[in-house]
Amino acid sequence: MNVRKKLENLNIEKRAYINGEFVEAENRKTIEKISSIDGLIISGIAACDDVDVNKAVEFAKKSFYSGSWSMLPPSEKKIILLKLADLMEKNREELALLDTYETGRSYQNYFYDSIPKAIEVVRYFAEAVDKYYDKAIPPRGSEFGVIIRVPLGVVGAITPWNDPLVVAAWKFAPALLMGNSIVMKPAEQSSLSILKVAALTREAGIPSGVFNVVTGYGEVAGKALALHKDVRGIFFTGSSTTGKRILEYSGQSNMKKVALECGGKGPYIVTNNCSNLAEAAKVLADNMFYNQGQICSAPSRVIIDKSKFNDFIKYLKLECERYVPGDPYDTDNNVGCVVSPEQYHKIQKYIQQAKDEGAEVYQAQNKKLHSEKACCIQPTIISNISIMSKVVVEEIFGPVVVVLPVEGVDEALSIANSSDYGLAGAVWTDDLDEAYYVARNIETGLVHINSYGNDDNSAPFGGVKESGLGKDKSLYSFDEYSDLKTIWFHSRNYQR
Ligand code: NAD
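All of the points below concern the structure found in this document.

As a further point, take the packing of aromatic side chains. Applying the stated rule across the entire model yields 14 aromatic pairs. Considering the side-chain rings of Tyr132 and Phe478, the 5.4 Å spacing of their centres and the 55° angle between planes classify their relative orientation as tilted. Residue Tyr132 is found in the loop between α4 (107-129) and β5 (135-140), and its partner Phe478 is found in helix α15 (residues 476-480); the two are separated by 346 residues along the sequence. Their ring planes at 50° and their centres at 5.4 Å tell us that Trp170 and Phe461 sit as a pair that is tilted. Placement of Trp170 in helix α5 (residues 164-177) and of Phe461 in the loop between β18 (446-449) and β19 (468-469) is noted, with a sequence separation of 291 residues between them. For the pair Trp170 and Phe461, a shared accessibility class is recorded, and that class is buried. Its guanidinium or amino end placed over the ring of Phe111, Arg92 lies 3.9 Å from that ring's centre, counting from NZ or CZ.

On to the packing of α4 against α5. One way to put it is that α4 packs onto α5 with a least axis distance of 9 Å and a crossing angle of 10°. On the basis of the axis angle, α4 is roughly parallel to α5. For the pair α4 and α5, contact is made by Tyr110, Ser114, Ile115, Lys117, Ala118, Val121, Val122, Phe125, Ala126 and Val129 and by Pro164, Leu165, Val166, Ala169, Trp170, Phe172, Ala173, Pro174 and Leu177, respectively. Tallied by class, residues from the contact of α4 with α5 come to 17 nonpolar, one polar and one charged.

Before going further, it helps to examine the site of the ligand. Taken together, 30 residues lie near the ligand, and Lys185, Glu188, Ser239, Thr242 and Glu395 sit nearest. Separating an oxygen atom of the ligand from a backbone N or O atom of Gly218 is a distance of 3.3 Å. Interatomic distance of 2.5 Å between a side-chain N/O atom of Glu395 and an oxygen atom of the ligand. Elements with a contribution of two residues or more to the shell around the ligand: α7 (218-227), β10 (231-237) and α8 (240-252). Classifying every residue of the shell around the ligand gives 14 nonpolar, nine polar and seven charged.

The subject of this paragraph is the state of the cysteines. Scanning the model with the defined rule gives zero disulfides in all. Looking at the unpaired Cys337, the closest cysteine sulfur is the one in Cys376, lying at 3.3 Å. Classification of Cys337 by relative accessible area gives buried; the value is 1%.

Examined against the element boundaries, Val447 turns out to sit in strand β18. With 224 residues separating them in the primary sequence, Val447 and Lys223 have C-alpha atoms 33 Å apart. Contacts of Val447, omitting those with residues within four sequence positions, involve Gly425, Ala426, Ala439 and Ile442.

Glancing now at the nonpolar core. Core analysis: the largest hydrophobic core is formed by 110 residues, its most contacted members being Leu81, Phe172, Phe211, Tyr268 and Phe312. In terms of residue count, α4 provides more of this core than any other element does, 12 residues in total. Look past the residues within four positions of Phe312 in its chain and what remains in contact with it is Tyr268, Val270, Leu277, Ala280, Ala281, Leu284, Val302 and Ile304. With 27 residues, the next largest nonpolar core counts Ile351, Val392, Leu404 and Val438 among its residues.

What counts and how
Residues numbered from 1 in each chain as written. Predicted model: local features only at pLDDT ≥ 70, side-chain atom pairs only at ≥ 80, totals over all residues. Heavy atoms only, no water. Phe/Tyr/Trp six-rings, centres within 6.5 Å; stacked < 30°, edge-to-face > 60°. Helix = DSSP H or I, 4+ residues; strand = E, 2+ residues; numbered from the N terminus. Buried < 20%, exposed > 50% of the residue type's maximum accessible area, 1.4 Å probe, protein only. Lys NZ or Arg CZ within 6 Å of the ring centre and 35° of its normal. Axes fitted to C-alpha atoms, helices over the stretch in contact; angles between N-to-C directions. Parallel < 35°, antiparallel > 145°, perpendicular 65-115°, else oblique. Contact = heavy atoms within 4.5 Å. Nonpolar A, V, L, I, M, F, W, Y, C, P; charged D, E, K, R; others polar. Near = heavy atom within 4 Å. Polar contact = N/O pair within 3.5 Å; in protein donor to acceptor, adjacent residues only side chain to side chain. Disulfide = S-S within 2.5 Å. Core = buried A, V, L, I, M, F, W, Y, C linked by side-chain atoms within 4.5 Å.

Following this line, the structure appears as structure tokens:
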């Protein structure tokens, strides 16, 4: 079935959401972009600037100090966020359509995977919040202390386009549940689904000013938010280059708390003790190609023992055929387009560079092209390439995996850790001691053993090195969106 026509029935909101109302950018400017699906123009999304950001922050601050949300007991916040999750569920089709329309990722993938995941994130945090305790310093004579977590106040969230609502939910759910008011700045490539969620927050009962969405360009609206003096925390997911800027903005303004989830170049180590190469290749393809490789934690560097190289490549070539891209609106297609013509050309440039360097470049054989203008890239395997090549070192953010043969597990680790990134990785081996050795020594925030990507909301997610700092997901996330405060009590009376 092709669901494109269903878009025509939607009343798509393209204005910013500030203080409970949808409003145009004060400057009346809008964003214009070219769809990667068919080359048509997508236009009309408010291109907010610092004026709108200031307004959103001011209302967010007012709402925070009014206590209308921040002082609600956790159990009441929980009920409202569970209602929001239910409303998202009810609007799942629309959310999936909006994200497909803007990002070119397949509707099937949004409807069955990404949107349900975002809903689960909201439920996970909502269900957890009223079961969480703060800490006490045990009484000592007349002294007693408690350590509590207090909301930061107004927080900003700047999010990317590759998994719009999942990443947004990782941030707004714990932020709201800790009592903060929030200003979201979605990527200019994917603003519509979070605007729909904004409407749903109103329906769920989140008071005006507590949840705001300021759409617009990163260098304008995102920068203004990250530089704002009244914003007490900025929570960012995106490229490492922008992440470094966010750190600077914090230093240039008010030393606001910063958490960064940035890029990756996931090492996927397969040792000579791995007997199930077919499974290793299948799991790699599942995690590398499902969103045209536009996944921060994608296992994009296979580091494999020489003895296993040929067999693994054989299996991987077969797996590529399951991820051939096609019309994203066709519900039979699991893979759609890359996000934009710019992203398409950037990825093609890397592939061409590998060819120019004499590397072996293999691409899936089947084709499902639906439009001359479609920006789709075949799953691509690159081998016989120098470990110094840009293609091996840089994050491509496309369906391109490099396969690097090594001798022994120490060489594998040394190559894995030579990257500036350190988000997620894996080791495939039948030897438990070897698995532990690699897991212990690999420099990534998350490491999978004989698996990839099936960690759930209970697992903290975030990188080391230039993959960022701070954690999304898990109960640790509540700590990100709060400050620790100590209340020290000295009793003067009733002493024994
Ligand atoms: P990007 O850094 O270009 O943009 C991310 C967000 O930052 C967008 O909202 C953008 O508008 C905003 N932005 C851009 N410049 C800004 C500035 N100067 N000041 C403030 N905000 C600014 O990244 P992208 O291309 O949208 O996303 C792809 C990147 O995101 C990849 O590197 C990917 O690895 C990373 N990513 C990481 C994770 C993770 O959890 N670690 C998840 C998804 C994506």
